[in-house]
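What the coordinates show
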Amino acid sequence: MPLFSFHCPTCDKDVELLMRFSDTPLCPHCGGTSLERLISRVAPELKSKSIMKAARAQAAREGHLSNYSRSERGG
């Protein structure tokens, strides 16, 4: 299922919901059903090895190892 971003005009909060396109979104904060779909931003593809290396190092420091292969994680 895809992840969609919405804005709730009732409680003025932005939320991300994992749901089917055909489902009716429901605000987890106030229960409102009049959510407005937001345009998602596309992450640019990293082409610079130094940028990728720095991003991976930061992710490792923060404990986000999902961008590493199993052999790189040591497991």
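Just so it is clear, the model here is predicted, and its values are computed rather than measured. (Residues numbered from 1 in each chain as written. Predicted model: local features only at pLDDT ≥ 70, side-chain atom pairs only at ≥ 80, totals over all residues. Heavy atoms only, no water.)

Quick notes on the overall build of the protein chain
The secondary structure content of the protein chain amounts to two helices and three strands. What you see in the protein chain, going N to C, is helices and strands ordered as β-β-β-α-α. Every one of the 75 residues in the protein chain was classed for burial, and the buried ones make up 19%. Here the contacts in the protein chain between residues at least 6 apart in sequence split such that 24% fall between residues at least 24 apart. (Helix = DSSP H or I, 4+ residues; strand = E, 2+ residues; numbered from the N terminus. Buried < 20%, exposed > 50% of the residue type's maximum accessible area, 1.4 Å probe, protein only. Contact = heavy atoms within 4.5 Å.)

Some points on the confidence of the model for the protein chain
Of the residues in the protein chain, 77% have a pLDDT of 70 or more, and the chain-wide mean is 81. The secondary structure element of the protein chain with the lowest average pLDDT is helix α2 (residues 70-73), at 67, and the one with the highest is strand β3 (residues 36-37), at 92. (pLDDT = per-residue confidence, 0-100.)

Description of the packing of aromatic side chains
Taken as a whole and judged by the stated rule, the model has two aromatic pairs. Ring geometry for Phe-4 against Phe-6: centres 6.4 Å apart, planes inclined by 50 degrees, an arrangement best described as tilted. Each of the two residues, Phe-4 as well as Phe-6, counts as buried. Ring-pair connections join several aromatic residues into one group, and the members of that group are Phe-4, Phe-6 and Phe-21. Looking at Arg-37, its charged tip hangs above the ring of Phe-4, at a distance of 4.4 Å from the centre. (Phe/Tyr/Trp six-rings, centres within 6.5 Å; stacked < 30°, edge-to-face > 60°. Lys NZ or Arg CZ within 6 Å of the ring centre and 35° of its normal.)

A word on the sheet that holds strand β1 (residues 3-8)
Read from one edge of the open sheet, three strands run β2-β1-β3, paired in antiparallel fashion. Strands with a single pairing partner mark the edges of an open sheet, and in this sheet they are β2 (13-18) and β3. Looking at chain direction, β1 and β2 are connected through six bridges and run antiparallel. Within the sheet, the bridge partner assigned to Phe-4 lies in β2 and is Leu-17. (Pairing = 2+ DSSP bridges.)

A short note on unusual backbone geometry
The residue Asp-12 is not glycine, and still its phi comes out positive at about 60 degrees. Relative to the assigned elements, Asp-12 resides in the loop between β1 and β2. Assessed through its relative accessible area of 59%, Asp-12 is described here as exposed.

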